[in-house]
Amino acid sequence: MKKIKLKHIIFLIMLASLGSIFYGLSLEEEHPQAPKYIGGGTVGLFLVAMPLFLWKESKSKNMKDYMLTKENIKKMQEKEDKKTKYQ
């Protein structure tokens, strides 16, 4: 049996959320359930799928590479100096 990966679960949540939003928008304006479908899809997209995606993608990253430390500032300044010399 094939193992279900997290990216497939995230994709299914995203599809279900977008489907719910579009279904809610396609209902008539007076329909009492339309805002619930739209709201449920929005919650699924932004409070479930997006955090899962961000967690999955940042799991293998080193956060020190993205922090603004003195070492990283020096590296960025060195890269700028090299670019200006050879342009």
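A. The arrangement of the overall build of the chain in detail. In terms of regular secondary structure, the chain is built from 3 helices and 0 strands. Taking 12 Å as the expected radius of gyration for a compact globule of 87 residues, we find that the chain reaches 22 Å, considerably beyond that expectation. Considering only C-alpha atoms, the chain reaches an extent of 65 × 40 × 25 Å along its principal axes. Expressed as a percentage of the 87 residues in the chain, the buried residues total 14%. Within the chain, contacts between residues separated by at least 24 positions form 49% of all contacts whose residues are at least 6 apart in sequence. A gap of 13 Å separates the mean positions of the 16 positive and 9 negative side-chain charges of the chain.

B. Examining the packing of aromatic side chains more closely. On inspection of all chains with the given rule, the structure shows 1 aromatic pair. Ring centres of Y23 and Y37 lie 4.9 Å apart, and the angle between their planes is 90°; on these two criteria the pair is classed as edge-to-face. Note that Y23 is positioned in helix α1 (residues 6–26) and Y37 in helix α2 (residues 34–58), a separation of 14 residues in sequence. Given a relative accessible area of 42%, Y23 falls into the partly exposed group. A cation over an aromatic ring shows up here: K59 above the ring of W55, its NZ or CZ 4.7 Å from the ring centre.

C. Representation of the packing of α1 against α2 within the structure. Two numbers describe how α1 lies on α2: the axes approach to 8 Å, and their chain directions differ by 160°. By the angle class used here, α1 and α2 are roughly antiparallel. Two packed elements cross with a definite hand, and for α1 against α2 that hand is left-handed. Looking at the contact of α1 with α2 residue by residue, the class counts come to 17 nonpolar, 6 polar and 2 charged.

Calculation notes
- Residues numbered from 1 in each chain as written.
- Predicted model: local features only at pLDDT ≥ 70, side-chain atom pairs only at ≥ 80, totals over all residues.
- Heavy atoms only, no water.
- Helix = DSSP H or I, 4+ residues; strand = E, 2+ residues; numbered from the N terminus.
- Rg over C-alpha atoms; globule rule 2.2 N^0.38 Å.
- Buried < 20%, exposed > 50% of the residue type's maximum accessible area, 1.4 Å probe, protein only.
- Contact = heavy atoms within 4.5 Å.
- Lys, Arg positive; Asp, Glu negative; His and termini not counted.
- Charge placed at Lys NZ, Arg CZ, Asp CG, Glu CD.
- Phe/Tyr/Trp six-rings, centres within 6.5 Å; stacked < 30°, edge-to-face > 60°.
- Lys NZ or Arg CZ within 6 Å of the ring centre and 35° of its normal.
- Axes fitted to C-alpha atoms, helices over the stretch in contact; angles between N-to-C directions.
- Parallel < 35°, antiparallel > 145°, perpendicular 65-115°, else oblique.
- Left-handed = near helix turned anticlockwise from the far one by under 90°.
- Nonpolar A, V, L, I, M, F, W, Y, C, P; charged D, E, K, R; others polar.

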